Amino acid sequence: MLTNKHIVNTYNFLVVTFVALGTLSTAYGLAIIGSTVGQPNFYTYFDLATADQPGYAHTTNIIGTLNGVNSAGAIIGCLFSAWAADAIGRKRTMLVGCAILTIGGALCAGSISIGMFIGARLVAGIGAGILAVCVPMYQGEVSTAETRGAMMCVTGVMYAFGYTAAGWMGFACYFFPADSPNATFAWRFPLALQCVPPLVVLAGSKFIPFSPRWLLGKDRREEAYEIVKRLHASPLDPQHIAARQEFYLMEKQFEMDKQYQPRFLEIFRTKANRRRSLVACLLMWGDQFLGIYVMTNYGVLIYASLGLTGFKPLLLNACWTTFTIVGNVWTFFFVDRYGRRTFLLIGACGCTTALIFLCALTASFLGGTNGAGLNAAVFFIWFYILWWCFFVDATQYVYVSEIWPNHLRSQGTALGIAVFYLASEVTLVGAPVALNDIGWKFYLVLICPSVCYIVAMWLLFPETKGRTLEEIGSLFGDEHVASHWYGISEEEKEEIARNALKLTKSGRIPEEPHLRPPINDIEAKDNGEKVEDVGQ
């Protein structure tokens with residue numbers, strides 16, 4: 001019999017890591033604008049006033065617009081994914097996102113006017129939105145229940161690498177000679193690097209298998225079964241019993257889901273789906289109002305407002321992004337052990353606490369000469385970002401995708417990510433103007449909703465760790481859940497194993513449920529039966 005110990009398949013891990021290169025580029029594109037606004041030549045080339053010059057209010061509007069149109073593009077990308085991920089598949093939709101992101105990154109790097117730059121950010125945002133929806137969704141669908149959290153957290157790890165690359169690239173390019181005929185290299189080259197990861201994904205697209213759950217939805221069972229076997233093969237499981245068990249549970253749910261054809265706006269039609277929609281929207285809106293994009297995109301400006309000058313804001317920005325890798329790796333190893341809800345609650349409480357201290361310190365010492373007070377404010381910015389990366393960054397993408405049933409996952413995930421970017425329209429567009437005009441009071445705009453968000457999370461968010469994607473529906477009140485794995489007895493698991501062993505090569509569930517072949521050779525010998533190679 002197969003043991004409960006699960007060894008991660010190397011091929012499975014390589015697949016989820018490879019597709020996450022697209023989200024690396026998404027994160028890099030989001031973060032590089034924070035370094036771009038720290039490059040002196042950027043202001044000179046586009047004739048924008050710096051913080052110590054008249055007309056800086058216009059500059060803050062332009063910076064807010066650059067981030068706002070990127071988020072608007074991401075919302076468009078999310079809406080496209082809601083249709084495309086089901087119609088043409090998760091894999092093909094990811095490739096479309098990579099192509100669009102490559103075009104957008106190239107246009108950003110080659111911009112000759114601020115209008116062109118704004119348009120290019122819109123295009124890049126569309127690609128980023130597509131990948132933000134499809135990559136974690138795909139990762140969850142090719143993973144097992146025991147490793148799904150870790151596999152989906154690879155997205156968060158790649159986000160961290162994207163932040164880090166953007167931070168250090170911006171810092172390095174700061175020292176490019178300002179009087180050089182090619183001074184625009186300092187901000188054009190970092191923007192151009194955004195194109196590299198999606199090009200790698202496009203070049204290696206043949207390596208990426210289709211999502212087995214999408215294939216099942218298209219009635220391509222044999223292909224789906226072969227992919228599941230390859231993704232979850234293990235030397236300890238030569239008969240692919242684990243793959244058969246998972247595929248058996250998947251098929252049972254898909255056979256039941258066929259009786260419930262999705263209707264227009266199905267994600268809002270039933271009580272269970274309305275609860276999912278509420279949870280997804282609260283999660284992503286609440287996480288955005290914790291203020292992470294304000295810190296990542298405007299950290300350089302915030303450091304400058306605290307009295308840091310020259311290359312120091314860029315250096316601090318690069319340093320904290322490096323530590324985000326550690327935080328996301330932590331999530332990778334422990335989110336399946338301690339749970340999504342636990343991580344989100346701890347993360348939201350810590351980030352809100354850091355914002356409260358930052359608000360108080362900024363109100364007390366901003367514009368003054370108290371070095372200790374200003375340094376304390378910098379410390380809490382660092383604490384905030386590290387806490388976010390340890391508990392929230394990767395976990396949010398795991399949770400918003402896995403709470404949806406297979407036939408609604410693309411629409412539901414797109415809804416959550418779209419709300420995340422919609423909320424960023426408020427925080428990113430308003431932040432540079434608000435920080436310039438009302439200073440520390442802007443943090444209150446983040447703190448008050450965050451407190452409400454924590455209460456809502458405690459009351460409404462169920463824990464999903466350890467459950468198969470198909471059985472999570474029971475947590476939200478779904479009546480048509482075909483099978484369960486989490487918390488069942490060993491006898492029930494053995495029964496599932498018997499049924500799973502009856503799968504034919506085509507992956508069809510047998511019509512004779514009373515025929516239960518033995519799980520292993522020993523049981524067959526005890527029953528006096530002829531042992532056949534069920535692994536073929």
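See above for the structure.
Residues numbered from 1 in each chain as written. Predicted model: local features only at pLDDT ≥ 70, side-chain atom pairs only at ≥ 80, totals over all residues. Heavy atoms only, no water.

Visitor: In this structure, what is going on with the packing of aromatic side chains? I would like to understand it.
Guide: By the definition in use, this model includes 43 aromatic pairs. Their ring planes at 10° and their centres at 5.7 Å tell us that Y399 and F461 sit as a pair that is stacked. Residue Y399 is located in helix α18 (residues 393–402), and its partner F461 is located in the loop between α20 (442–460) and α21 (490–501); the two are separated by 62 residues in the primary sequence. Counting every residue linked through ring pairs, the aromatic cluster contains W330, F334, Y338, F343, F357, F379, F380, F383, W387, F390 and F391. Above the plane of the ring of F210 lies K91, whose end atom (NZ or CZ) is 5.0 Å from the centre. Positioned over the ring face of Y45 is R188, at 5.0 Å from the centre of the ring. (Phe/Tyr/Trp six-rings, centres within 6.5 Å; stacked < 30°, edge-to-face > 60°. Helix = DSSP H or I, 4+ residues; strand = E, 2+ residues; numbered from the N terminus. Lys NZ or Arg CZ within 6 Å of the ring centre and 35° of its normal.)

Visitor: How should I be thinking about the packing of helix α15 (residues 312–338) against helix α16 (residues 340–365) in this particular structure?
Guide: Angle between the axes and distance between the axes are the two parameters that describe a pair of packed helices. Look at α15 against α16: their axes get within 7 Å of each other, and the N-to-C directions meet at 120°. Judged on the interaxial angle alone, α16 and α15 are oblique. Counting all contacts with α15, which are made through W330, T331, F334, V335, D336 and Y338, the residues of α16 involved are R340, T342 and F343. Its residues assigned to classes, the contact of α15 with α16 comprises five nonpolar, two polar and two charged. (Axes fitted to C-alpha atoms, helices over the stretch in contact; angles between N-to-C directions. Parallel < 35°, antiparallel > 145°, perpendicular 65-115°, else oblique. Contact = heavy atoms within 4.5 Å. Nonpolar A, V, L, I, M, F, W, Y, C, P; charged D, E, K, R; others polar.)

Visitor: Would you mind showing me how to read the side chain of E402 here?
Guide: With respect to the element layout, E402 can be found in helix α18. Using a relative accessible area of 1% as the deciding quantity, one classes E402 as buried. A distance of 2.8 Å separates the side chain of E402 from the side chain of R148, its partner in a polar contact. Side chain to side chain, E402 and R340 meet in a polar contact 2.8 Å long. Once residues lying within four places of it in the same chain are set aside, the contact partners of E402 are R148, R340, T464, L469 and I472. (Buried < 20%, exposed > 50% of the residue type's maximum accessible area, 1.4 Å probe, protein only. Polar contact = N/O pair within 3.5 Å; in protein donor to acceptor, adjacent residues only side chain to side chain.)

Visitor: Please clarify how the pattern of salt bridges should be interpreted in this entry.
Guide: Under the criterion given, the structure shown has 14 salt bridges. With a shortest N-O distance of 2.9 Å, D86 and R90 are connected by a salt bridge. Residue classification places R90 among the buried positions, given a relative accessible area of 3%. Here K229 makes a salt bridge to E226, at a shortest N to O gap of 3.6 Å. With K229 and E226 both in helix α11 (residues 221–231) and three residues apart, this pair spans about one turn of that helix. (Salt bridge = Lys/Arg side-chain N within 4 Å of Asp/Glu carboxyl O.)

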